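# Coordinates in review
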Amino acid sequence: MFCYQCEQTDRSNPELLGCSTAKGNCGKDDTTAALQDVLIHVTLGIGQYAARLRALGGVDPAYADFGAYALFTTLTNVNFNPTRFVTLIAEAAALRDTAKAAYEEAARAAGQEPEQLDGPATFAPASGVGALVAQGAAVRVDAGLDVLGADVVGLRSLNLYGLKGVCAYTHHANVLGFRDETVDAGIEKALAFLAEPPTELDPLLEHAMALGTLNLSVMELLDRANTESFGTPTPSGVRLAPVPGKAILVSGHDMGDLKAILEATAGTGVNVYTHGEMLPAHGYPELKAYPHLAGNYGGAWQDQHSEFAAFPGPIVMTSNCLIEPQPAYRGRIFTMGPVGWAGLRHLEHADLALLVKAAQALPGFPEHAEGAADGPGEERTLTVGFARDAVLGVADQVIEAVRTGQIGRFFLIGGCDGAKPGRNYYSEIASQAPDDTVLLTLGCAKYRINGEDYGTIGGIPRLLDIGQCNDTYSALKIAQALAGAFEVGVNDLPLSLFVSWFEQKAAAVLLTLLSLGITNIRLGPTLPAFLTEAAVDVLVEKFAIKPIGDVQEDLAAAMAGA
Amino acid sequence: MTAVTDTATGVTHEVVLSTSDGVENTLVCPPDLSILEAAADAGTYLPSMCGQGTCGACAAHVSAGSYVLGEHDPSVLGSDPTEGTVLLCRTTPTADCRVELPYDRTRIVDSPPPVRRATVTAIDVVAEATVRLRLGLVADELGMAAEFDPGQFLQVQVPGTEELRAYSLANCGNWDGEFELFVRVQPGGLFSTWLTTTAAVGDVVTVHGPRGAFGLRENGLRPRWFVGGGTGLAPMLSMMRRMAEWGEAQPARLYFGVNTVAEVFAQDEIAEVVAALPDAAATTCVWHPEPGASWDGFVGTPVDALVRDLAGSGEPPDVYVCGPPAMVDAVERALAAAGIPAEQVRAERFTAS
């Protein structure tokens, strides 16, 4: 296998950054990696035909829909089940052939001779698993490295990984019933672009920025999908101590799955807890209206081995970030949506009665337990739900506080958490930030920060959680509104961005920030392995991207506006 | 000799345990303990059952280092074991060792198998000398989830004794607390005597587990062929039922062997699971049909049927085998002769008790 898409990629060999052994650092084995490479390749072929069909006026949402789902399954920590990929490859090839027939018919109807395409458009998946896996080597992300060079391969990878992030966010919106023609067209076009990618750096960079722009539309669509489905988030307290009784833990990012689970458990006496990136669910009025949405359990994704083992009920992973299930809870963890692991039960919404049954069969939280809501010790809560409307609702106070100097600067500390010790940088930034700073958090990196009391400024909490990484649009709207109020550009706001990345959704968000011209982003804990020195030089030159460094020096520079 | 010296001097040895999915765990083995015991002392519970070298549940392969393999029943290691094949309950290292475990990390747990109570919910004689026993967990502090992987077994304590008897589970893990076992009635056997003379619906028994290493290669993409002899059908049914329940699409073939027509059982259950899978077929094989008995199915052993079908098959399958040692040995020889690599074969031998 070869894979260097995520932050935890193997960097032990400086000559070849990336996971290239039988099993990657995420737990993905070489068979699954090869099958994912083949799936991506065939899916690019769908884009080749679908984009051309659309240019002739033919529109079928099935192409972008499948593309979004298929690429989402290949995101880090989503689907590790090789049998699922064998099925998906067959489905992708069938859909590509449907797209081909539709395109050729539309071309002939328009009096044109259909183009004879090659590459993914004509790639025939082998029959037999061994042959299929062998095909993966020819289409994997570093194919042609010796001819094309690392710069080109790296920038192609940036485009692919950015597109994966776009697809993940799109899928989250699609499953809530929200679609956008611009987004569908953009996905088809991006798939087609990667099917026939250029060999020069400039058009690859240009396309990466276009993906960032596309992702802005996607994030706007997802913001609309979430707020129209579940209401506008409002500041809400979240119970951190479990209550006695039967319990289900829901992790991942998919609010639609959470709502379906809340519906299925209504009136059953089973409580539902959020985990990881589901924490912001408690801010949505339509979700917190369920009285059995009892609280949040645990922290960020990388601690799931111990947290899931200790949880006394079934666990559901609705999207990334799944890591290898441990024997202690393997029999009671379920996957939904794009997620999969060989040997774990996958649930559709129609199967949720089984989940309820599992919760009722498992012990649940006992009464008066240490750390429980009715047990000894002080009950802790967190406040979430400071999305754009909540923050902008007090915009006048915020603007006044900035004008009077009570608020000196905003720090947006956003992105993914992870296991590496270097990620302490972000908690250090938060704890050492001057008292006149407001800390805006986004993504699961918040768990490193939200255990402290940062106080208030003029009645406004210093720590405001905007939501999931999926809610980046909300953060951008806040920044743009403040820029409008001060009549300056976003780069001129007293705002510093500290971004921690882990997987490909972060790549898409980074491209969006860059496409908006936002500069001086501090990115860590390490820079992506797929970006070569030359690519990094370009990003530094154009956007002043900075790798994270010494906390004190970075804080001083940030406060000085650099 | 070396082991004695080690015991005398108190020398310990490092043992690296490597699972089939590449996870390594190092433990220190004192001179007076088997690898199985040393692992349990370290909080690592490896699949095992009898603890006395007679069941084969803890079979593994020592790929480096030296050891003493104590008293054991050689038949549980197969007819032609490769050098280094051991039973961990009887293996004491005499130098640092590396042990290849024939199962994934998921089969190693960090606590001993739970001991729980279960109620007898059904006792059905399903064929000559074969009883289906259904048990239902009594709700306790662990709840009442029957969590296990297909291929694993449950140990039932013979009422009124401290003796345990192990039976493979035929159903799938479930949230109703149900266990389904097939018991071959052994004349004069301790459990068989209880089952056929005393046991009644409503009785409460003590159960240990489930546990065990045998099971599906979860991420296997090849066709799955299953060979069960007698009550060795149980884990095969469990695996196929799990495939059906989870919508797993690998082509499946089942070969179920018994000696006589009177011993045939579970035909409805087999038909049901075959119908529920997208590409499955089953052959029930009767070795010696009784004269005058009505049997229009396959006559011969499951090995005969397997050899017949392997000749015309495409992709070499993963094969799962469970039954008496002689049958399992015959299947392994037939598979080796057909060129099926040993790593594609997972086997469990059961012995009468």
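Here the structure is a predicted model, which means the values were calculated and not measured.

### A closer look at the overall build of chain A
From N to C terminus, chain A includes 19 helices and 16 strands. Over its C-alpha atoms chain A spans a radius of gyration of 23 Å, differing by no more than 12% from the 24 Å that the globule rule assigns to 562 residues. If one aligns the C-alpha atoms of chain A with their principal axes, the spans along those axes are about 70 × 55 × 50 Å. Residues classed as buried in chain A amount to 61% of the 562 residues present. Within chain A, counting contacts between residues at least 6 apart in sequence, those at least 24 apart form 74% of the total. Surface summary for chain A: the accessible area is close to 19700 Å², and the carbon and sulfur share equals 52%.

### So, the packing of aromatic side chains
One pass over the structure, following the stated rule, counts 26 aromatic pairs over all chains. Between the aromatic rings of Phe230 of chain A and Tyr284 of chain A, the centroid separation amounts to 5.9 Å while the plane-to-plane angle is 75°, which identifies the pairing as edge-to-face. Here Phe230 of chain A, found in helix H8 (residues 201-230), pairs with Tyr284 of chain A, found in the loop between strand E3 (271-274) and helix H10 (285-288); they are 54 residues apart in sequence, far enough to count as distant. Like Tyr284 of chain A, Phe230 of chain A is buried. Seen in terms of ring centroids, Phe148 of chain B and Phe179 of chain B are 6.0 Å apart; in terms of plane orientation they differ by 40°. Their pairing is tilted. Remark: Phe179 of chain B occurs in strand E12 (residues 178-184) and Phe148 of chain B occurs in the loop between strand E9 (130-137) and strand E10 (153-157); sequence separation between them is 31 residues. The burial state of Phe148 of chain B is the same as that of Phe179 of chain B; both residues are buried. Cluster of aromatic residues (ring-pair linked, three or more members): Phe2, Tyr4, Tyr161, Trp501 and Phe530 of chain A. Lying over the aromatic face of Trp246 of chain B, Arg242 of chain B brings its terminal NZ or CZ to 3.8 Å of the ring centre.

### Concerning the sheet that holds strand E5 (residues 85-87) of chain B
Residues and elements named next belong to chain B. The strand order across the open sheet formed by 5 strands is E2-E1-E7-E3-E5, and the pairing between neighbours is mixed. Of all the strands in the sheet, just strand E2 (24-29) and E5 have a single pairing partner and so form its edges. Pairwise comparison of adjacent strand axes, ignoring direction, gives a mean angle of 35° for this sheet. For strand E3 (residues 59-64) and strand E7 (residues 97-100), the ladder comprises 3 bridges, and the chain directions are antiparallel. What sits directly across from His61, in E7, is Glu100.

### Description of the pairing of strand E9 (residues 409-415) of chain A
Residue and element names in this part refer to chain A. With 7 of its 7 residues buried, E9 lies for the most part within the structure. Here 6 bridges tie E9 to strand E10 (residues 437-442), and the two strands are oriented parallel to one another. Its bridge partner lying in E10, Phe410 is registered against Val438. The handedness of the E9 to E10 crossover, carried by helix H15 (residues 424-432), is right-handed. The pairing of E9 with strand E14 (residues 495-500) spans 6 bridges and is parallel. The residue of E14 that forms the bridge with Ile413 is Phe498.

### Some details on the side chain of Arg423 of chain A
Tracing the sequence through the fold places Arg423 of chain A in the loop between E9 and H15. Polar side-chain contacts of Arg423 of chain A include one of 3.0 Å to the backbone oxygen of Cys416 of chain A.

### Brief notes about the confidence of the model for chain B
Residue and element names in this part refer to chain B. Residues of chain B with pLDDT of at least 70 account for 97%, and the chain-wide mean is 92. In this model, residues 1-8 is a region of pLDDT below 50 whose contacts with residues beyond four sequence positions or in other chains number 9 contacts. With a pTM of 0.91, the predicted complex shows an ipTM of 0.86.

### Structural notes on the nonpolar core
Nonpolar side chains tend to gather and get buried jointly when the protein is soluble and globular. Residue and element names in this part refer to chain A. Leu163, Ile261, Leu287 and Phe410 are the most contacted members of the largest nonpolar core, which totals 130 residues. The dominant element in this core, judged by the number of residues it contributes, is H8, at 12 residues. Not counting residues within four places of it along the chain, the set of residues in contact with Leu287 comprises Phe230, Met255, Leu258, Lys259, Leu262, Ala281 and Leu293.

### A few points about helix H17 (residues 504-515) of chain A
Residues and elements named next belong to chain A. Taking 1.5 Å of rise per residue, 12 residues should cover 16 Å, and H17 covers 16 Å from first to last C-alpha, within 8% of that figure. Of all 12 residues making up H17, 11 are buried, and the element is well covered by its neighbours. When H17 is considered as a whole, its buried residues turn out to be Gln504, Lys505, Ala506, Ala507, Ala508, Val509, Leu510, Leu511, Thr512, Leu513 and Leu514. On the buried face of H17, the contacting elements are helix H6 (150-174), H8, helix H16 (472-486), E14, strand E15 (522-524) and helix H18 (533-543). The residue sitting at the N-terminus of H17 and contributing the capping side-chain oxygen is Glu503; that oxygen lies 2.6 Å from the backbone nitrogen of Lys505. Downstream of H17 by one or two residues, Gly517 has phi in the positive range, about 80°.

### Considerations on the sheet that holds E15 of chain A
Residues and elements named next belong to chain A. Sheet architecture is open: 6 strands sit in the order E13-E10-E9-E14-E15-E16, paired in parallel fashion. A strand with exactly one partner marks an edge of an open sheet, and here the two such strands are strand E13 (463-467) and strand E16 (546-547). Here E10 pairs with E13 via 4 bridges, running parallel. Across the sheet, Leu440 pairs through a bridge with Leu464, a residue of E13. Each of E9, E10, E13 and E14 is contacted by H16, which is oriented at about 125° to E13, the strand it contacts most. The sheet strands contacting helix H19 (residues 551-559) are E9, E10, E14 and E15, and the helix crosses E9 at an angle near 130°.

Rules behind the numbers
- Each residue is numbered by its place in its chain's sequence as written, counting from 1.
- Ligands are numbered from 1 and chains lettered from A, in the order in which they are written.
- Given that this is a predicted model, residues contribute local features only at a pLDDT of at least 70 and side-chain atom pairs are listed and counted only at 80 or more, while totals for whole chains, interfaces and linings are drawn from all residues.
- Side-chain measures were taken over the full set of non-hydrogen atoms in the model, leaving aside hydrogen atoms and water.
- Numbering of helices and strands starts at the N terminus; helices are DSSP runs of H or I of at least 4 residues and strands are runs of E of at least 2.
- Only C-alpha atoms enter the radius of gyration; for comparison, a globular chain is expected to reach 2.2 Å times N to the power 0.38, where N is the number of residues.
- Exposure categories follow from relative accessible area, calculated using a 1.4 Å probe and restricted to protein chains: below 20% of the type maximum is buried, above 50% is exposed, and the middle band is partly exposed.
- The contact criterion used is simple: two residues touch if any of their non-hydrogen atoms lie within 4.5 Å.
- Residue-level accessible areas treat just the shown protein chains as cover; the underlying method is Shrake-Rupley with a 1.4 Å probe.
- Think of it this way: a Phe, Tyr or Trp ring, Trp meaning its six-membered ring, pairs with another when their centres are within 6.5 Å, and the plane angle makes it stacked under 30 degrees, edge-to-face over 60, tilted otherwise.
- Think of it as a cone above the ring: NZ of Lys or CZ of Arg counts as a charge over the ring if it is within 6 Å of the ring centre and within 35 degrees of the ring normal.
- Should DSSP find at least two bridges between two strands, the strands are taken to pair.
- To obtain each axis, a line is fitted to C-alpha atoms, and for helices this fit is confined to the stretch in contact; angles are then taken between N-to-C directions over 0 to 180 degrees.
- By the criterion used throughout, a crossover qualifies as right-handed when its path from the first strand across the helix to the second strand runs clockwise, the strands pointing away from the viewer.
- Pairs of N or O atoms are called polar contacts if they sit within 3.5 Å, as long as, within protein, a hydrogen donor faces a hydrogen acceptor (for residues adjacent in sequence, only side-chain-to-side-chain pairs).
- The predictor reports its confidence for every residue as pLDDT, a score running from 0 up to 100.
- Take the buried Ala, Val, Leu, Ile, Met, Phe, Trp, Tyr and Cys residues and link them wherever side-chain atoms come within 4.5 Å; each set so joined is a nonpolar core.
- Here the expected span of a helix is defined as 1.5 Å times the quantity of residues minus one.

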